[in-house]
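# Examining the three-dimensional arrangement
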Amino acid sequence: MISPQTIDKSIFDAMFSNVRKTSSIFKIESWKRDAEKIRSIDIYKYRSILGTIAAYENKYDEAINIFQSILIITSDHGYQAMVHSNIANVLGHAGRYLEAINSYWKAFELSNNPSFFESFFNLCKIYYINDQRLTNMKSLDENKKKFYEQELLNLNNTHRQIIENTNLSIDLYREVLSVAFSVFFTHCNNQVNRFIEVNDSQISTILFNTDLDLETVMLLNDSINDKFLDLLDSYEYEELIKYPIIFTAENFKSNELG
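Throughout what follows, the structure given in this document is the object of discussion. Quick caveat, the model's predicted, so the values are computed rather than measured. Every chain's residues receive numbers from 1 upward, in the order its sequence appears when written. For a predicted model such as this one, the threshold for reporting local features is a pLDDT of at least 70, and the threshold for listing and counting side-chain atom pairs is 80 or more; totals across whole chains, interfaces and linings nevertheless cover every residue. Heavy atoms from the whole structure form the basis of all side-chain values; hydrogens and water molecules are not counted.

Turning to the side chain of Lys 21, a few remarks are in order. The helix count covers DSSP runs of H or I at least four residues long, the strand count covers runs of E at least two residues long, and both are numbered beginning at the N terminus. With respect to the secondary-structure elements, Lys 21 resides in the loop between helix H1 (4–15) and helix H2 (25–36). Distance and chemistry together define a polar contact, namely a pair of N or O atoms within 3.5 Å, with one atom able to donate a hydrogen and the other to accept it when in protein, and with adjacent residues in sequence counting only for side-chain atoms on both sides. Of note is the side chain of Lys 21, whose polar atom sits 2.9 Å from the backbone oxygen of Tyr 56. If near-sequence neighbours (up to four positions away) are discounted, Lys 21 is found in contact with Ala 55, Tyr 56, Asn 58, Phe 185, Thr 186, His 187, Cys 188 and Asn 189. The contact rule is simple, with two residues in contact once any of their heavy atoms fall within 4.5 Å.

Shown next, in the form of structure tokens:
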């Protein structure tokens, strides 16, 4: 009998083996064909794979619809939590960070799984969202609670530093970040790290992944520049240049602030 776990792993291994997404329609269609092999064996796993592939193709609405279809056919809170986490990933990749934060919280509410709280917390941290739910750590063990209490203190201090700077707009910075992350996940998988420098006149952001090659770095920087041009329809150039963003393969991990 075909093992859903084997199919699942082989597809995801192929999908996430490189940080740069493949442009090969043949490969993507082969993943969909492989997924069909478990349709009658494990409908939940089948739909999860299809949703992940749709997200990989940047078909975000389709991916969310597929994941939501799983919620209708299962009452298992653990499985529902995983689905809400998957939806949150898709929303985050699309730059819809407020919806993503709510979906991660829903996953945590359903399961009390600390990993979902971590995802919720980290997304709030990335966008400097001071959410009351960040203090709801009752299901975490003492060590994790201490860690996140310190992280929350750091978040609030940085949040205040930006909020109180009359030359900067945290709302505009959030929009710029949303665009930057959506650019990354349009072309790439896995993780992108952030290094920021805040001063009186600007917030400089470096987004880095050491597995990026030069061609992909150039593509990402060209894409973010194009997106910045689109933002000129809504914002003045003098405002936008306060929030420069650059992609790189250089490792800034030891200096990472945000």
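From this point, the narrative continues.
Here we come to the environment of Leu 91. The residue Leu 91 is located in helix H5 (residues 77–93) in this model. Between the C-alpha atom of Leu 91 and that of Ile 64, which follows or precedes it by 27 residues, the distance is 8.2 Å. Ignoring any residue separated from it by four or fewer positions in sequence, one finds Leu 91 in contact with Ile 64, Arg 96, Tyr 97, Glu 99, Ala 100 and Ser 103.

With that settled, consider the packing of aromatic side chains. Here the aromatic set is Phe, Tyr and Trp, taking the six-membered ring for Trp, and pairing holds for ring centres within 6.5 Å; pairs whose planes are under 30 degrees apart are stacked, those over 60 apart are edge-to-face, and all others are tilted. Tallied over the entire structure, the rule returns 20 aromatic pairs. Aromatic side chains Trp 105 and Phe 117 sit 6.5 Å apart centroid to centroid with 65 degrees between the ring planes, which places their arrangement in the edge-to-face category. Of this pair, Trp 105 sits in helix H6 (residues 97–111) while Phe 117 sits in helix H7 (residues 114–127), and the two are 12 residues apart along the sequence. An identical accessibility class is assigned to Trp 105 and Phe 117; each is buried. With centroids separated by 5.9 Å and ring planes inclined at 50 degrees, the aromatic side chains of Phe 208 and Phe 252 adopt a geometry described as tilted. Of this pair, Phe 208 sits in strand E2 (residues 203–208) while Phe 252 sits in the segment after strand E3 (245–248), and the two are 44 residues apart along the sequence. Here Phe 208 and Phe 252 have matching classes, each one buried. A network of ring pairs unites the aromatic residues Trp 105, Phe 108, Phe 117, Phe 120, Phe 121, Phe 147 and Tyr 148 as a single cluster. Over the ring of Tyr 56 we find Lys 21, and its NZ or CZ is 5.4 Å from the ring centre. Think of it in three bands: with a 1.4 Å probe and only protein chains considered, a residue is buried below 20% of the maximum accessible area for its type, exposed above 50%, and partly exposed in between. Working rule: Lys NZ or Arg CZ, within 6 Å of ring centre, within 35 degrees of ring normal, means a charge sits over the ring.

Attention now goes to the pairing of E2. Extensive coverage of E2 is indicated by the burial of six of its six residues. A two-sided burial pattern is seen for E2, the buried positions comprising Ile 203, Thr 205 and Leu 207 on one face and Ser 204, Ile 206 and Phe 208 on the other. Alignment of strand E1 (residues 193–198) against E2, held across six bridges, turns out to be antiparallel. Counted as the bridge partner of Glu 197 is Ser 204 from E2. Any two strands with at least two DSSP-identified bridges between them are counted as paired. Hairpin connection, E1 to E2: the antiparallel pair is bridged by four residues. The pairing of E2 with E3 spans four bridges and is parallel. Across the sheet, residue Ile 206 finds its bridge partner in E3, namely Ile 246.

Before going further, it helps to examine helix H4 (residues 60–73). In a regular helix each residue adds 1.5 Å, so 14 residues correspond to 20 Å; H4 covers 21 Å between its end C-alpha atoms and thus fits that length. Within H4 the residues assigned to the buried category are Tyr 60, Ala 63, Ile 64, Ile 66, Phe 67, Ser 69 and Ile 70. Looking at the buried side of H4, the elements it contacts are helix H3 (43–56), H5 and helix H9 (170–187). Expected helix span is computed as 1.5 Å times (number of residues minus one).

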